[in-house]
Structure formats: structure tokens, C-alpha cells
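Chain by chain, the residues:
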Amino acid sequence: MPDKDGILTATEKRLIAAWLSGKSKNNACPVWSERSWSIGGHLISGKIYRGGNLSFGGPTYPQAFIVCTNCAYTRYFMAVQIGLIVAPSETD
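Residues numbered from 1 in each chain as written. Predicted model: local features only at pLDDT ≥ 70, side-chain atom pairs only at ≥ 80, totals over all residues. Heavy atoms only, no water.

Trainee: Pulling in residues and values, what's your account of the pairing of strand β3 (residues 60-68)?
Mentor: The pairing of strand β1 (residues 37-39) with β3 spans three bridges and is antiparallel. Bridge pairing in β3 places Trp37 opposite Cys68. One ladder, built from four bridges, connects strand β2 (residues 44-47) with β3; its direction is antiparallel. Note that in β3 the partner of Lys47 across the bridge is Thr60. Pairing analysis gives five bridges linking β3 to strand β4 (residues 74-78), with the strands arranged antiparallel. Paired with Ala64 across the strands is Phe77, a residue of β4. (Pairing = 2+ DSSP bridges. Helix = DSSP H or I, 4+ residues; strand = E, 2+ residues; numbered from the N terminus.)

The following block contains the structure:
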């Protein structure tokens, strides 16, 4: 699990790379067709949509991301499915 600031360790980055390698059928950037990606150094979180209203706090979806080294196109992947974070229980 990343530290309190969401910074990923080298081991976690290797886990992401291995997970992507096992899932990817087409790893080309959709913008430039390059196949060179870098793994982001942090987890980020996607906010839950609440009808267009700006909200602070509340639940989010933690995500790992990769960036095309040519054009900076970014892809996001759910950290729970990768195994970086344990999913909260149904009662949380």
C-alpha cells in the first residue's frame, strides 16, 4: 500500500507493470501509436460524480496511472483491482 501521501514504492510500480503486462492486448498510445509508457509516482483519486456539484471530501476511487513518454497521454487503472489497495468492506 502506498504511503500516506500516495507515493508508490519501486515494488508497487513493478506490481503495476506486471499487472498491465498480463492484461494488455494493445499497449500502443491511442494518440501517437508509441509503446513507451512511464508509471506515475503516486496514486490519484477519481471523485464520485454528484450531479455536477463541486464537493470536497467524500469517497473516491484510488487509481494508478501511466503516461505516454512521447505525448503525455494518460491512462488510469483502479488500484483495488491491481492489488495496490485492499477494498473497503461492505460495512465501511
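From this point on, the discussion continues.
Trainee: Requested: an account of unusual backbone geometry, with residues and values cited.
Mentor: Non-glycine residue Ser33 carries a positive phi angle of around 65 degrees. Residue placement: Ser33 occurs in the loop between α1 (10-23) and β1. The exposure class assigned to Ser33 is exposed, which follows from its relative accessible area of 53%. Phi is positive for Ala72, close to 75 degrees, though the residue is something other than glycine. Within the secondary structure, Ala72 is located in the loop between β3 and β4. Take Ala72: its relative accessible area is 47%, and that puts it in the partly exposed class. (Buried < 20%, exposed > 50% of the residue type's maximum accessible area, 1.4 Å probe, protein only.)

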